[in-house]
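Tertiary structure, described
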Amino acid sequence: KVLDAGELIIEREQLLFEQLRQDVLNHATRIQRTARSLAEVDALSSLSECAALRDFTKPEIHTGNELFVREGRHPVVELTSDDSFVPNDVKLNDDDHQLVVLTGPNMGGKSTYLRQTALIALMAHVGSFVPAKRATVPLMDRIFARVGASDNIARGQSTFMIEMEETAKILHMATTRSLVLLDEVGRGTATFDGLSIAWAVAERLVTNPKARPKTLFATHYHEMATLSESLSNVTSFTMRVREWEGEVVFLYEVKPGTADRSYGIQVAKLAGI
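Residues numbered from 1 in each chain as written. Predicted model: local features only at pLDDT ≥ 70, side-chain atom pairs only at ≥ 80, totals over all residues. Heavy atoms only, no water.

1. A closer look at the overall build of the protein
Our working rule: Every helix listed is a DSSP run of H or I at least four residues long, and every strand listed is a run of E at least two residues long, numbered separately from the N terminus. Note on classification: 1.4 Å probe, protein chains only; a residue is buried when its accessible area is under 20% of the maximum for its type, exposed when over 50%, partly exposed between these limits. Residue contacts follow a heavy-atom distance rule, with two residues in contact if any of their heavy atoms lie within 4.5 Å. Here the open area of atoms and residues is found with the Shrake-Rupley method and a 1.4 Å probe, where only the protein chains shown may cover a residue. Here Asp and Glu are counted as negative and Lys and Arg as positive; His is not counted, and neither are the chain ends. Throughout, a charge is located at the NZ atom of Lys, the CZ atom of Arg, the CG atom of Asp or the CD atom of Glu.
Across its full length, the protein carries 8 helices and 10 strands. Principal-axis analysis of the C-alpha atoms places the extent of the protein at approximately 90 × 45 × 45 Å. Looking at the protein as a whole, 37% of its 273 residues qualify as buried. For the protein, the proportion of contacts with a sequence separation of at least 24, taken over those separated by at least 6, is 69%. Just so you have it, the protein exposes about 16100 Å², and 56% of that area is on carbon and sulfur atoms. Both charge centroids of the protein, one from 30 positive and one from 36 negative side chains, sit 4 Å from each other.

2. A closer look at the side chain of N233
Inspection of the secondary structure puts N233 in the loop between α7 (227-230) and β9 (234-244). For N233, a relative accessible area of 9% translates into the label buried. In contact with N233, other than residues within four places in its own chain, are D95, D96, H97, Q98, L99 and V206.

3. Observations concerning the sheet that holds strand β5 (residues 134-138)
As a reminder, the rule being used: Pairing between strands requires that DSSP locate at least two bridges from one strand to the other. Lines fitted to C-alpha atoms define the axes, with helix axes restricted to the stretch in contact, and inter-axis angles between N-to-C directions lie between 0 and 180 degrees.
Spatially, the 4 strands line up as an open sheet ordered β1-β5-β2-β3, and their pairing is mixed. The open sheet terminates on both sides in strands that have one partner only, identified here as β1 (60-62) and β3 (88-92). Pairs of neighbouring strands in the sheet enclose a mean axial angle of 15°, with direction left out of account. Running over the sheet, helix α4 (residues 110-125) touches β1, β2 (67-72), β3 and β5 and is turned about 70° from β3.

4. A word on a nonpolar patch on the surface
Formally: Nonpolar side chains (Val, Leu, Ile, Met, Phe, Trp, Tyr) within 5 Å and like charges within 9 Å form the patches, drawn only from residues with over 30% relative accessible area and no salt bridge. A carboxyl oxygen of Asp or Glu within 4 Å of a side-chain nitrogen of Lys or Arg is what we treat as a salt bridge.
Nonpolar side chains collect at one region of the surface, where L20, V24 and I31 lie side by side and expose about 260 Å² of accessible area between them. Inspection of the secondary structure puts I31 in helix α2 (residues 28-53).

5. Things to note about the packing of aromatic side chains
Selection rule: Within 6.5 Å between ring centres, the rings of Phe, Tyr and Trp (the latter by its six-membered ring) count as paired, and their orientation is classed by plane angle as stacked under 30 degrees, edge-to-face over 60, tilted in between.
Considering all chains together, one arrives at 1 aromatic pair under this definition. Here the aromatic rings of F250 and Y252 are separated by 6.2 Å at their centres, their planes lie at 40°, and the arrangement is tilted. Take F250: its relative accessible area is 14%, and that puts it in the buried class. We classify Y252 as partly exposed; its relative accessible area is 37%.

6. Some points on the pairing of strand β8 (residues 214-218)
Across the 5 residues that make up β8, a large majority, 5, are buried. Of the two faces of β8, both are covered, the one formed by K214, L216 and A218 as well as the one formed by T215 and F217. Pairing analysis gives 4 bridges linking strand β4 (residues 99-103) to β8, with the strands arranged parallel. Bridging from a neighbouring strand, L102 pairs with A218 of β8. Where strand β7 (residues 179-183) lies against β8, 5 bridges are found, and the strand directions are parallel.

7. Regarding the side chain of H97
The condition is simple: Under the rule applied, a polar contact is a pair of N or O atoms within 3.5 Å (in protein, one hydrogen donor and one hydrogen acceptor; residues adjacent in sequence only if both atoms are side-chain atoms).
Tracing the backbone shows H97 in the loop between β3 and β4. In terms of polar contacts, H97 uses its side chain to reach the side chain of D96, at 3.2 Å. What H97 contacts, discounting residues up to four positions off in sequence, is K91, L92, N233, T235 and F237.

8. Observations concerning the environment of N152
Relative to the elements of secondary structure, N152 occurs in the loop between β6 (143-146) and α5 (159-173). As a C-alpha pair, N152 and I162 span 10 residues in sequence and 7.9 Å in three-dimensional space. Not counting residues within four places of it along the chain, the set of residues in contact with N152 comprises Q157 and I162.

Given below as structure tokens:
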């Protein structure tokens, strides 16, 4: 009886499991619909909680061409940083602010500014409130970002080669409805080669008659700021910095103008060199 009972238990378990599977299959459509609804409620309630607790605001989505953010913030950096986050405005359009050349020192906040702009645009498109005092966001088809450094030695691709491939894809695929973020394009080669590439890429983005995407172009090539003198849809901004008693103080504020140097020596000193 004991030996038979073990076999009967297994058979009974298998039978009950098959019945359960069939019941689930019979109600699969309802279960999946309920799961989707719960997932949507979960996502929206999470976004709502963030908006309420962290002073997010409702963005205005429109079919025009201007992206404008008043006192925008990076939603992750402001939460994890020990210091108070410095908000900044963003203005991009198809006219006098189609491409913004952003210069400034190392560690000055250029990359954070680029990324928070992308995040605000993305959050607005998924239906979330955004970390800003006010935000007007046009409908976009894609967000392109050439930020950071990586290589693929298994495929024989250097950091610079991957940077160039990604930049080429942006030039070929971006449309007037796209948002493009470029960070230090051309830095991985000789100075004059890099400056030539960066200049050509920026010029193409604002003169291509088929596609003129809204672009933030962060660079240490201060010469790039002179593009605004010959192209009306290019403007120059810089990250504020101040020297105090021989030390560099990063203010993390974006203002019109161009940087005169990158303070690389001071940053190297901060790193321990």
